[in-house]
Amino acid sequence: MIYFDNCATTKPDAAVLSAFIKINETFYFNAASPHEKGLETNQLQEEARSQIKNILKLDQQSIVFTSGATESNNMALTGMARAKKAFGRTIITTEIEHPSVLETIRGLEQEGFAVKYVKFKEDGAFDMDHFRGLLSPDVILVSVMHVNNVMGAVLPVAEIAEVLKRYPKVHFHVDCVQSFGKVPLVIDGVHSFSLSGHKFHGLKGQGLLVVNQLRNLAQTVYGGGQEYGFRSGTSNVAANVTLSKAMRLAMEEMEMQRARLYQFKQEIESFVKQYPGIQLNSQAGGAPHIVNFSFVGIKGEVIVNAFSRRGIMISTTSACSSKRAKLNETLTALHVDEATITGSVRLSLSKYNTVEEIEAFKEAFKEIYSEVEELLNK
Ligand code: PLP
């Protein structure tokens with residue numbers, strides 16, 4: 001089996017997996033228990049929290065362990081919007097965000113908040129002028145993703161943060177799920193960001209919300225008061241501790257993997273684009289691990305199934321939102337036409353992919369192309 005669906009999830013690193021089992025065997029205690037074993041377990045978790053602060057080179061920010069970025073995005077957006085509602089009611093985001101952001105904001109609309117979406121230019125670039133024009137005294141929250149999960153577009157987080165320096169009332173949240181370990185994080189001027197461990201060879205159920213001035217966040221989860229009172233529930237210590245390990249590995253390997261994956265990406269792109277009827281969708285300057293192209297005139301699902309039958313796992317859209325409508329939303333916002341959207345497929349790469357796998361992909365592609373060639377709009 002060849003796995004090219006690493007934006008959906010990645011294979012856990014063996015070191016992370018074995019540490020997770022070991023910690024569950026030796027530190028299965030409740031980190032909130034007052035006895036010796038509880039205190040030791042709590043200490044282990046707090047050490048992981050400070051290691052993460054070092055890995056991310058954080059200063060004043062707080063780290064809240066969560067079950068993943070969906071929870072982190074919900075918590076940050078709902079908590080900040082509610083906390084700031086006395087100052088304004090407008091939220092700015094984009095139409096290409098993950099549903100954990102878009103649906104949370106739709107929920108906030110039901111509570112009386114208004115939402116404005118930043119446009120993208122014809123070439124798919126974030127429209128900074130349009131963004132500047134949307135800013136008004138009523139804006140309290142801006143939320144963007146760093147790297148888009150469908151197309152690999154990298155959003156200009158540093159430039160947005162720079163513009164927002166003149167709007168001290170605005171909280172700037174960034175979804176770093178697809179960027180962590182792939183491109184350098186931008187933290188300066190960002191007030192909160194989210195991560196999921198399973199996207200960089202950690203485990204499902206591991207996540208973070210990093211927040212500046214946590215005390216300003218409105219509480220959204222109620223219970224025993226864990227995680228500074230913001231995320232109640234018995235701590236998943238083994239997950240939290242091994243998240244730190246997965247983060248360290250990802251950061252140590254980033255520069256090397258970034259160059260390697262970028263080379264693979266370029267190789268795939270220059271190979272597929274020689275074929276008439278194949279349209280390259282991933283933008284120049286995009287994330288190193290995401291390749292998106294279309295078999296114009298053929299359904300992406302047909303192509304995914306054809307690769308799948310040959311043991312190669314690729315994707316049409318983000319696995320988190322299997323509904324085609326979501327993919328259409330992202331691609332339409334980026335000005336991709338209907339036929340290209342329908343035929344779009346995504347390959348997302350990881351450190352475990354090899355040169356041999358890229359060659360196997362090319363061979364499978366040639367076979368599939370010759371099977372469907374007649375049907376392509378060339
Ligand atoms: N944000 C982005 C950009 C994603 O791609 C995903 C998942 O694919 C998420 C958030 C949600 O992550 P999780 O499902 O781990 O909560």
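Residues numbered from 1 in each chain as written. Predicted model: local features only at pLDDT ≥ 70, side-chain atom pairs only at ≥ 80, totals over all residues. Heavy atoms only, no water.

The protein is annotated in an unreviewed UniProt entry as Cysteine desulfurase from Macrococcus equipercicus. Looking at the Cofactor (unreviewed entry) heading of the UniProt record, one finds this comment for the protein: "pyridoxal 5'-phosphate". (UniProt positions renumbered as here; feature names shortened; annotations may be inferred.)

Below, the discussion takes up the overall build of the protein. Assigned secondary structure in the protein consists of 11 helices and 12 strands. Its C-alpha radius of gyration of 21 Å places the protein within 12% of the 21 Å reference for a compact globule of 378 residues. Over its C-alpha atoms, taken along the principal directions, the protein stretches across nearly 70 × 50 × 30 Å. Across the 378 residues that make up the protein, the buried fraction comes to 58%. (Helix = DSSP H or I, 4+ residues; strand = E, 2+ residues; numbered from the N terminus. Rg over C-alpha atoms; globule rule 2.2 N^0.38 Å. Buried < 20%, exposed > 50% of the residue type's maximum accessible area, 1.4 Å probe, protein only.)

Turning our attention to the sheet that holds strand E10 (residues 290-295). Spatial strand order, E9-E10-E12: three strands in an open sheet with antiparallel pairing. At either end of the open sheet lies a strand with only one pairing partner, and these are strand E9 (278-280) and strand E12 (344-348). Shown here is a sheet whose adjacent strand axes are inclined to one another by a mean of 30°, direction ignored. Strands in contact with helix H7 (residues 237-272) are E9, E10 and E12; relative to E10, the strand with the most contacts, it is inclined by about 10°. Against the sheet, helix H11 (residues 355-372) engages E9, E10 and E12, with an angle of about 20° to E10. (Pairing = 2+ DSSP bridges. Axes fitted to C-alpha atoms, helices over the stretch in contact; angles between N-to-C directions. Contact = heavy atoms within 4.5 Å.)

Among the structural elements, His289 can be located in the loop between E9 and E10. Judged by its relative accessible area of 1%, His289 is buried. If sequence neighbours within four positions are ignored, His289 has contacts with Cys7, Val147, Gln178, Lys182, Leu261, Leu347, Ser348 and Leu349.

To continue, consider the pattern of salt bridges. This model, assessed by the stated rule, comprises 18 salt bridges. Between Asp5 and Arg346 there is a salt bridge whose closest N-O contact spans 3.1 Å. Residue Asp5 is found in the loop between strand E1 (2-3) and helix H1 (14-26), and its partner Arg346 is found in strand E12; the two are separated by 341 residues along the sequence. Look at Arg346 and you get buried, because its relative accessible area is 1%. For the salt bridge of Lys37 with Glu40, the shortest nitrogen-to-oxygen distance reads 3.2 Å. Of this pair, Lys37 and Glu40 both sit in helix H2 (residues 36-55), three residues apart, which is roughly one turn of the helix. Given the relative accessible area of 37%, Lys37 is considered partly exposed. One connected set of salt bridges, linked through shared partners, spans Asp13, Glu253 and Lys351. (Salt bridge = Lys/Arg side-chain N within 4 Å of Asp/Glu carboxyl O.)

Our focus in this paragraph is the packing of H1 against H7. The contact between H1 and H7 brings their axes to 9 Å, and the two run at 160°. Judged by the inter-axis angle, H1 sits roughly antiparallel to H7. Here H1 runs over H7; the crossing is right-handed. Of the residues in H7, those touching H1 at Ala15, Val16, Ala19, Phe20, Ile23 and Asn24 are Ala238, Ala239, Val241, Thr242, Lys245, Ala246 and Leu249. Class assignment for the residues of the contact of H1 with H7 results in 10 nonpolar, two polar and one charged. (Parallel < 35°, antiparallel > 145°, perpendicular 65-115°, else oblique. Left-handed = near helix turned anticlockwise from the far one by under 90°. Nonpolar A, V, L, I, M, F, W, Y, C, P; charged D, E, K, R; others polar.)

What the rule picks out here adds up to 16 aromatic pairs. Their ring planes at 45° and their centres at 6.1 Å tell us that Phe293 and Phe295 sit as a pair that is tilted. For the pair Phe293 and Phe295, one class covers both residues: buried. For the pair Phe365 and Tyr369, a centre-to-centre distance of 6.0 Å together with 20° between the ring planes defines the contact as stacked. (Phe/Tyr/Trp six-rings, centres within 6.5 Å; stacked < 30°, edge-to-face > 60°.)

We now examine empty space enclosed by the protein. Enumeration over the complete set of coordinates arrives at two cavities of 30 Å³ or more. Approximately 110 Å³ is the volume attributed to the largest cavity. Together, Gly181, Lys182, Phe200, His201, Ala250, Glu253, Met254, Gln257, Leu261, Ser350 and Lys351 line the largest cavity. (1 Å grid on protein atoms, 1.4 Å probe; cavity = no way out; pocket = protein on both sides within 12 Å on 5 of 7 lines; lining within 4 Å. Points joined across faces, edges and corners; volume = space filled by probe spheres on them.)

Pairing between strand E3 (residues 90-94) and strand E4 (residues 114-118): five bridges, direction parallel. Within E4, the residue paired with Ile92 across the bridge is Lys116.

Moving on, we come to the domain arrangement of the protein. According to the domain assignment, the protein contains domain 1 (2-7 + 254-375) and domain 2 (14-249). Each of domain 1 and domain 2 has a C-alpha centre, and these two points are 28 Å apart. Contacts between the two partners involve 31 residues from domain 1 and, on the opposite side, 28 residues from domain 2. Summed over both sides, the interface between domain 1 and domain 2 buries roughly 2500 Å², with carbon and sulfur atoms accounting for 60% of that surface. Applying the counting rule to domain 1 against domain 2 returns zero salt bridges. (Domains from an automatic or database assignment. Buried area = accessible area lost by both parts, 1.4 Å probe.)

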